[in-house]
Amino acid sequence: MAVAQAKQDALAARIAGLSFDAAGWQGALRTEALARLTAMGLPAKRDEYWRYTNPATLVAPQPAVGTATTEEPALFTDLDCLKLVFVDGQFDAAQSDPLALEGVSLAVLSQAKADIHWAADLFGQLEARGQSPVQRPLATLNTAFAGEGVLIHVTGKPSKPISLIYRATSAGCDAILHHCVKMEAGSELTLLEQGTAGARVNLVTEVDIADGARFHHIRAQGRVENDSTLTHIFARIGQEAAFKSFTMTADGKLTRNEAVMELLGNDSSAHVAGAALGEGAVQQDDTVFITHAAERCESRQVFKKVLKNGAVGVFQGKILVKQGAQKTDGYQISQALLLDGDSQFLAKPELEIYADDVKCSHGSTSGAIDETALFYLRSRGVPLRAAQSLLVLAFLAEAIGEIEDEAIAEAISARLQVWLDWHEQ
Amino acid sequence: MLEIKNLHVKLEEEDKVILRGVDLKIGAGEVHAIMGPNGSGKSTLSYVLSGRDGYQVTQGSALLEGQELLEMEPEARAAAGLFLAFQYPVEIPGVGNMTFLRTAVNAQRKTRGEPELTAGEFLKVVREKAKTLQIDADMLKRPVNVGFSGGEKKRNEILQMAMLEPKMCILDETDSGLDVDAMKLVSEGVNALRGAGRSFLVITHYQRLLDHIKPDVVHIMAAGRIIKTGGPELALEVENNGYADLLAEAE
Ligand SMILES: Nc1ncnc2c1ncn2[C@@H]1O[C@H](COP(=O)(O)OP(=O)(O)OP(=O)(O)O)[C@@H](O)[C@H]1O
Ligand SMILES: [Mg+2]
């Protein structure tokens, strides 16, 4: 009871300064979310799901006030994209492209006052589904209070990616963003995200992928040292549909990326990958939950972390294979490269299988840089630093390999190289 | 070219002495062979010369064209013209063979103040050299040595040597694991590099390799020392009689 009360108190303190908007088509959904949130309270350190990462800064009433931003290299600048810019958690129309792209209809959450039927059927719905068997109250808080986001309805195959660019200009900005993506049957979309939305970020993305549709997501969080970020991506995946998400996380005081995917149609796939780089007082957590609820589906989780000087990497990944989900093919790997003895990698891979004809593999390792390979490279004339960088990038290669588009993969590799240059020994 | 004087080496972590006063002088353009029983210190000598960690030089020196090698970083030794074809080439998952070669070639050129090769220039040269060593495009694309057969790894070492054009080449049992045809191929690769003042130190257990790569001088190493030096006939003697007589003679 005391614990429950503490969670309630934390919730009350957390939402005291937030404005609750019960108006419009979102009103009922938010009210419902608030009720669910009130029943749960906020997560605490003792919760099993937060065993490796202390949620204190994520649930605190206010974000820690730090420097607003450090200069972060812009990504995908050579790529033709539809750009949507968010500054301090608010959509910035002046810096953004017009909301027009063939095969897609777009709306901004804060401006979408008139009823958008598809969004009303999706907003908060996948988040709510994602509350079982594990509770994710901060995602529910997001549904209840998010003031901004983008609503993307994909009916065709747009000619270019949609690129979300986050910037933070004011110190202590507490950004709560909520995106919804509805992919109609046979449609395709590449969604890019980059930047730091605030000193503290709570971001939820719900993606509903109908039969035969393909969703690609590439996120680059090249974060400042003193911000904390929580992201959730919830996906519902139909028959022969594909979900592919890659996240690069560079530094940031605390980052937790949760991915919750349900394979509901036969022959569908869900791939989620991450490359995380951290030095110093940095905690990077990837938490994944994949449910196989149909036949012949494939899932992949590929997470690589490079940790230095006391950085902590966390991976919690679960594959749940439901009864009847025969011929499931599940693959999970999480690996850390510890660049010194101070860093730490905590991994909790889990399999829960209720079907008999499945193939699931999981592995988790952590280790230092391969000295033999390092010497081999140096003996060929490659200088120490360059040799180390090459080996770090090689370590990350499997995760980067999950990005289908070559130009995007190259941009990510270049960004990783920048991190390596900044963090030279 | 290379002058090793009274080189004593022990393991860094243990009190185990491996080299006990090696003296060796290789002139420009010369080919020297080292033979010797297993564990006599041949590979250790090649590692110490190329700068691998884990060894401690307690005495002696090794000069490459008058420059002290033992004080240089491994990459500086390479840029100065030293090359070691490893007895056990190293696998590097995630690094493409081509990327590896280009990075190495350009790193050395940069260190020496030469212009780096463009992707096009590099590709042209590497394709040509790979072809003579019968290394196919697939092997160039794959990660360095990963999944290569024993013989493929050795050919890949020679390809690196051909690309880097070092002055002083040390081949540590490059013949082991090679079939008869591959041995011929590799030897031709090595012989193609002879001349231009380039020197070779060929470590081998078998006379067979020395039929293809004709040495000027043959050394016998035992228990961390060169116990005998002679001409090509010394290799034949080892082939026929083994090391027993030589070891007894040295006692
Ligand atoms: N890092 C090490 N740790 C322990 N022992 C070592 C190490 N390196 C070399 N040695 C020992 O030193 C001795 C010389 O080894 P080395 O590999 O130089 O021999 P070699 O002459 O090349 O033998 P081979 O003909 O079998 O290749 C051996 O007894 C070996 O076990
Ligand atoms: Mg040896």
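Residues numbered from 1 in each chain as written. Chains lettered and ligands numbered in written order. Predicted model: local features only at pLDDT ≥ 70, side-chain atom pairs only at ≥ 80, totals over all residues. Heavy atoms only, no water.

### Topic: the overall build of chain A
Right, so step 1: Across its full length, chain A carries nine helices and 19 strands.
Right, so step 2: Taking 22 Å as the expected radius of gyration for a compact globule of 425 residues, we find that chain A reaches 21 Å, a close match to that expectation.
Right, so step 3: Dimensions of chain A, computed from C-alpha atoms along their principal axes, come out at roughly 65 × 50 × 50 Å.
Right, so step 4: Considering only intrachain contacts with a sequence separation of at least 6, the fraction spanning at least 24 residues in chain A is 84%.
Right, so step 5: For chain A, the exposed surface amounts to about 15500 Å²; the carbon and sulfur share of it is 51%.
Right, so step 6: Placing the 37 positive and 53 negative side-chain charges of chain A at their respective mean positions leaves the two points 4 Å apart. (Helix = DSSP H or I, 4+ residues; strand = E, 2+ residues; numbered from the N terminus. Rg over C-alpha atoms; globule rule 2.2 N^0.38 Å. Contact = heavy atoms within 4.5 Å. Areas by Shrake-Rupley, 256 points an atom, 1.4 Å probe, with all protein chains shown as cover. Lys, Arg positive; Asp, Glu negative; His and termini not counted. Charge placed at Lys NZ, Arg CZ, Asp CG, Glu CD.)

### What to know about the sheet that holds strand 3 (residues 31-35) of chain B
Residues and elements named next belong to chain B.
Right, so step 1: The mixed open sheet is built from six strands, whose spatial order is 6-9-10-3-11-12. Of all the strands in the sheet, just strand 6 (82-85) and strand 12 (225-230) have a single pairing partner and so form its edges. The sheet shows a mean angle of 20 degrees between the axes of neighbouring strands, direction not considered.
Right, so step 2: Sheet topology places strand 3 next to strand 11 (residues 217-222); four bridges connect them, and they run parallel. Looking across to strand 11, one finds that isoleucine 34 is bridged to histidine 219.
Right, so step 3: Sheet strands touched by helix 6 (residues 150-164): strand 6, strand 9 (168-172) and strand 10 (199-203). Its angle to strand 6, the strand with the most contacts, is close to 165 degrees. (Pairing = 2+ DSSP bridges. Axes fitted to C-alpha atoms, helices over the stretch in contact; angles between N-to-C directions.)

### Overview of the sheet that holds strand 15 (residues 298-308) of chain A
Residues and elements named next belong to chain A.
Right, so step 1: Spatially, ten strands are ordered 2-1-5-7-9-11-13-15-17-19 in an open sheet, and the strand pairing comes out mixed. Edge strands, defined here as strands with exactly one partner in the open sheet, are strand 2 (90-91) and strand 19 (358-367).
Right, so step 2: Helix 8 (residues 384-400) rests against strand 11 (242-250), strand 13 (269-279), strand 15 and strand 17 (328-338) of the sheet, and its axis sits at about 155 degrees to strand 15.
Right, so step 3: Docked against the sheet, helix 9 (residues 406-422) engages strand 7 (188-195), strand 9 (214-222), strand 11 and strand 13, running at close to 20 degrees with respect to strand 11.

### Some details on the coordination of the magnesium ion (ligand 2)
Residue and element names in this part refer to chain B.
Right, so step 1: Binding of the magnesium ion (ligand 2) to the protein goes through Ser43 (OG) and Gln87 (OE1), at separations of 2.0 to 2.2 Å. Within this pair, whereas serine 43 is found in helix 1 (residues 42-50), its partner glutamine 87 is found in the loop between strand 6 and strand 7 (92-96), the two being separated by 44 residues in sequence. Of the two residues, serine 43 and glutamine 87, neither departs from the other in class, the shared state being buried. (Donors = N, O, S within 2.8 Å, 3.2 Å for Na, K, Ca; no water. Buried < 20%, exposed > 50% of the residue type's maximum accessible area, 1.4 Å probe, protein only.)

### Some words on the interface of chain B and chain A
Right, so step 1: With 28 residues of chain B in contact, the opposing surface of chain A contributes 16 residues.
Right, so step 2: Across the interface of chain B and chain A, roughly 1900 Å² is buried in total on both sides, 68% from carbon and sulfur atoms.
Right, so step 3: Broken down residue by residue, the surface that chain B buries against chain A is led by Glu75, Phe86 and Val90 of chain B, which jointly contribute 27%.
Right, so step 4: A salt bridge links arginine 380 of chain A to glutamate 157 of chain B; its shortest N-O distance comes to 2.7 Å.
Right, so step 5: Where chain B touches chain A, the interface holds ten residue pairs in polar contact (both at pLDDT 80 or more).
Right, so step 6: Every element with two or more residues in the side of chain B that touches chain A is listed here: helix 1, helix 2 (74-79), strand 6, strand 7, helix 3 (97-111) and helix 6 of chain B.
Right, so step 7: The dominant element in the side of chain B that touches chain A, judged by the number of residues it contributes, is helix 3 of chain B, at five residues. (Buried area = accessible area lost by both parts, 1.4 Å probe. Salt bridge = Lys/Arg side-chain N within 4 Å of Asp/Glu carboxyl O. Polar contact = N/O pair within 3.5 Å; in protein donor to acceptor, adjacent residues only side chain to side chain.)

Function cannot be read off these values alone, since they describe shape.
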